[in-house]
Amino acid sequence: MANSLWTIEEFACPGCGMNYSATKEAHSEKHSGSFRCSVCTAEVHAWSGNHHFFDWKAIQSRPPVFGRRWGVSQW
Ligand SMILES: [Zn+2]
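As the structure is a computational prediction, the values presented were derived from the model and not from experiment. (Residues numbered from 1 in each chain as written. Predicted model: local features only at pLDDT ≥ 70, side-chain atom pairs only at ≥ 80, totals over all residues. Heavy atoms only, no water.)

Caption draft 1: Quick peek at the pattern of salt bridges. On inspection of all chains with the given rule, the structure shows 2 salt bridges. With its nearest N and O atoms 3.7 Å apart, the salt bridge here joins Lys24 to Glu9. In this pair, Lys24 sits in strand β2 (residues 19-36) while Glu9 sits in strand β1 (residues 6-12), placing the two residues 15 residues apart along the sequence. Neither Lys24 nor Glu9 differs from the other in exposure class; each is buried. The residue Lys57 makes a salt bridge to Asp55 at a minimum N-O spacing of 3.4 Å. Relative accessible area serves as the criterion here: at 45%, Lys57 is assigned to the partly exposed category. (Salt bridge = Lys/Arg side-chain N within 4 Å of Asp/Glu carboxyl O. Helix = DSSP H or I, 4+ residues; strand = E, 2+ residues; numbered from the N terminus. Buried < 20%, exposed > 50% of the residue type's maximum accessible area, 1.4 Å probe, protein only.)

And the structure:
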């Protein structure tokens, strides 16, 4: 197995503005999927490619630097 890269990304719901974070994992094969808002059921994010998103969480309080990525990123 190749070493996996995880990054945490943030998304805002287009319907209600709820903020979510998700862990993005790089894969060697293609994945696709989507995540829907648990509040208004709007599609927050859909993906297709050599990565997968999991561990979706609603962000209760906004971090000081909104939208910033952290973790390892080698894209
Ligand atoms: Zn929503």
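Caption draft 2: Expanded view of the nonpolar core. Phe11, Cys13, Tyr20, Ala22, Phe35, Cys37, Ala42, Val44, Trp47, Phe53 and Trp56 together form the largest nonpolar core, which totals 11 residues. At the level of elements, β2 and β3 (43-58) are the ones that each hand at least two residues to this core. Counting residues per element, this core draws most heavily on β3, which supplies 4 residues. (Core = buried A, V, L, I, M, F, W, Y, C linked by side-chain atoms within 4.5 Å.)

Caption draft 3: Quick peek at the coordination of the zinc ion. Taken together, the protein donors to the zinc ion comprise Cys13 (SG), Cys16 (SG), Cys37 (SG) and Cys40 (SG), at separations of 2.3 Å. Each of the 4 donor atoms bound to the zinc ion contributes to angles spanning 100 to 118 degrees, and the resulting shape is tetrahedral. Taken in sequence order, the residues that donate to the zinc ion follow the motif C-x2-C-x20-C-x2-C. Of the two residues, Cys16 sits in the loop between β1 and β2 while Cys37 sits in the loop between β2 and β3, which places them 21 residues apart along the sequence. Exposure remark for Cys16: the relative accessible area of 40% places this residue in the partly exposed category. According to the relative accessible area criterion, Cys37 is buried, its value standing at 2%. (Donors = N, O, S within 2.8 Å, 3.2 Å for Na, K, Ca; no water. Tetrahedral: all angles 85-135°; square planar, octahedral: opposite > 155°, others 65-115°.)

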